Structure formats: C-alpha cells, structure tokens
Amino acid sequence: MTSAFKHVFHPVQTSLILFLVLLGSTLCSCRSVPVTGRSQFLLTTESYENSLGAESYEEYKAEYPVSTNAEYNAALERCGNAIKAIANEVGDASDFEWEFTVLDSEIQNAFCLPGGKVAVYSGIMDGMDNEAELAFVVGHEIGHAIARHGGERMSRSILQSLGAVLVEAVFENETINAIYGTTTELGVMLPYSRSNESEADMIGLILMARAGYDPSASYTFWRRFTNNAEGSSKLESILSTHPCDSDRIKAMEDNEPMAREEYNNAKIKYGFGKKFTHKK
Ligand SMILES: [Zn+2]
C-alpha cells in the first residue's frame, strides 16, 4: 500500500468529495433499458450522443463508398424498415433519424451509431446466407443503440475523469493518477463488454422475431462465423468489436423458443427472407 492511502482527509478535501458526489447525482439520469429492463446510469444526454453519432456516420460515409450491390441494398432497406418499426415501438427511439447504408468494403462488420445511423459493410454480407441473418446483425447493432451502450461507455469515461480530478486533488500522487486512464472516444471500433453483447443479442433477437424473421438465423450466422474465424484475418474486425464465444451462441439457442413465440405473433412473416446469390 502506498503512503497516499494512509492520508487523513482534510475538511477541504472532504468538501471536495461531497461536491463531486453531489455533482454526479445531479447530472446523472437513471433509465431502464428497453426489452431487458436493466437499470442504467447515464451522465450523457441522448441528444448529445445522437449528434456525435450523426457526425461520426458522415465520416464513415466519406471514408467508404456506398455499395452499388442491388441485392444487398434492397435486403438492408427491407429488413431495416421492418426492424426500425419494432425498435420505435419497444425502444426509446423517437428522436432517432434512421439511416441504413451498405458500405463497400471487405471489412466484416456492422454498426448502429447513437441516433439510428446503421452501416453494414458488404464484406460481412458476403458471408451471410440470407436476409434473416442480416436482420439479426442489424437487430443486434440497433440493440446496442437503443440500450445506449455508447452513452454508458462515455459516462464511464466521465466518471473516470472525475475520479482522476478527485485523486489529484486529494492525494497529489502521480503514481495513483497514472492508474486513471481516460477515454472520451465514442468509437465504434472499441470492443463492447460481454454484458453489452448479451444484452444486444437479446434485444436483436426480439427485434428480428417481431419484425417477422426466423429467429434461428441468429445462431446459424454466429456459428458459421466463429467456426470460420480461425485463421481468417477478415473476421477479426467483427470479433474484435463484438466478442463471441460458445456461451454467447448457446444463449441465443436457449432464447430461441421465447423469440419464436414473438415470431409466431408477427403480423408479417419474411421467414428467412431472400437467399443471397452474392452476385456483384
Ligand atoms: Zn455487439
């Protein structure tokens, strides 16, 4: 233990701690995640997160050309419209300005930025059998957005920064300060936590099933992807941002009967949707 921890709080330092605690409790909002009902603390506002999402989306569209593959564009438009209608019903998505784009790149990944800005790289669609597999991927990504996982990530960063300020003020110890790394990056290329992944899977499964896509497409996609993952550098992208293991796939299989009930009640049924020919 360093000597800093033996430090006795001075009244000024105690006041500072109380001030920061009060500041935190005034700024933060408590929210219930759609579908899963988990309580979450957020220090960021939805409009702030959405404006960052819109800004970042423009950067991605400037970096990669929009795909001209008619099959992929039509599939994303169809399943995107079906899923966003359900997301608007279940999620707190009234402020979203939805947009769906297939980006032409070999990268095997997809994302939905805060505010409903969805992008799917053509590279991941090359590895899909059918539209229902795309519906799950899109549902999963939208799950991250309506659960505001980006906002949670930023909120953690803010807390870390507040913690660093506190540590600096109270202990004035460089070693301890160094422990507090801060990141304010919204970045979609950062890995989600295991619990974020499970939550996005659950939301994605419900969204796709209610939108009328066969829920078994969730695990057929991931099974094939993770089985092919060894030795394939192309797959590193999606696995680095959306870590997947056998437990995650098993959870999708276990949740299928519940999702199938939702599917059976869906007004319109696409089943597995269009089977991809992958013609360029
Ligand atoms: Zn994910």
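Residues numbered from 1 in each chain as written. Predicted model: local features only at pLDDT ≥ 70, side-chain atom pairs only at ≥ 80, totals over all residues.

Within the protein chain one finds 11 helices and five strands. The buried share among the 280 residues of the protein chain stands at 36%. Sequence separation of 24 or more characterises 76% of the internal contacts of the protein chain that already satisfy a separation of 6 or more. (Helix = DSSP H or I, 4+ residues; strand = E, 2+ residues; numbered from the N terminus. Buried ≥ 20, exposed ≤ 12 C-beta atoms within 10 Å, placed from the backbone. Contact = placed C-beta atoms within 7 Å.)

With mixed pairing, three strands are arranged side by side in an open sheet as E3-E5-E4. In the strand order of this sheet, the two ends are held by strand E3 (99-103) and strand E4 (110-113), each with one partner. Taking the axes of each pair of neighbouring strands and ignoring which way they run, one obtains an average angle of 15° across the sheet. This element, helix H3 (residues 70-90), spans E3 and strand E5 (117-121) of the sheet and lies at about 155° to E3. Across the sheet, helix H5 (residues 131-146) touches E4 and E5, and the angle it forms with E4 is around 35°. (Pairing = 2+ DSSP bridges. Axes fitted to C-alpha atoms, helices over the stretch in contact; angles between N-to-C directions.)

This brings us to the confidence of the model for the protein chain. When pLDDT is averaged across the protein chain, the result is 83; 77% of the residues are at 70 or more. No element of the protein chain has a lower mean pLDDT than helix H7 (residues 174-179), at 50, and none a higher one than E3, at 98. Segment residues 1-7: pLDDT under 50, and six contacts once partners within four positions in sequence are set aside and those in other chains are kept. The low-confidence segment residues 179-185 (pLDDT under 50) makes 12 contacts with residues lying over four places distant or belonging to another chain. (pLDDT = per-residue confidence, 0-100.)

Within soluble globular proteins, side chains that are nonpolar tend to cluster in buried spots. Ranked by internal contacts, the top residues of the largest apolar core, which has 55 residues, are Ile83, Val120 and Ala135. Broken down by element, the residue count for this core peaks at nine residues, all from H5. What Ile83 contacts, discounting residues up to four positions off in sequence, is Ala135, Val138, Gly139, Ile142, Leu207, Met208 and Ala211. (Core = buried A, V, L, I, M, F, W, Y, C linked by C-beta atoms within 7 Å.)

One ladder, built from four bridges, connects strand E1 (residues 29-32) with strand E2 (residues 39-42); its direction is antiparallel. Across the sheet, Ser29 pairs through a bridge with Leu42, a residue of E2. A loop of six residues connects E1 with E2, the two strands running antiparallel in sequence, and Val35 in this loop sits at a positive phi of about 75°.

For H3, with 21 residues, the first-to-last C-alpha span of 30 Å sits near the 30 Å given by 1.5 Å per residue. Buried within H3 we find Tyr72, Ala75, Leu76, Cys79, Gly80, Ala82, Ile83, Lys84, Ile86 and Ala87. Close packing links the buried residues of H3 with E3, E5, helix H4 (122-125), H5 and helix H8 (194-210). (Expected span 1.5 Å × (residues − 1).)

What follows is about H5. Taking 1.5 Å of rise per residue, 16 residues should cover 22 Å, and H5 covers 22 Å from first to last C-alpha, within 8% of that figure. Arg148 lies just past H5 and shows a positive phi near 55°.

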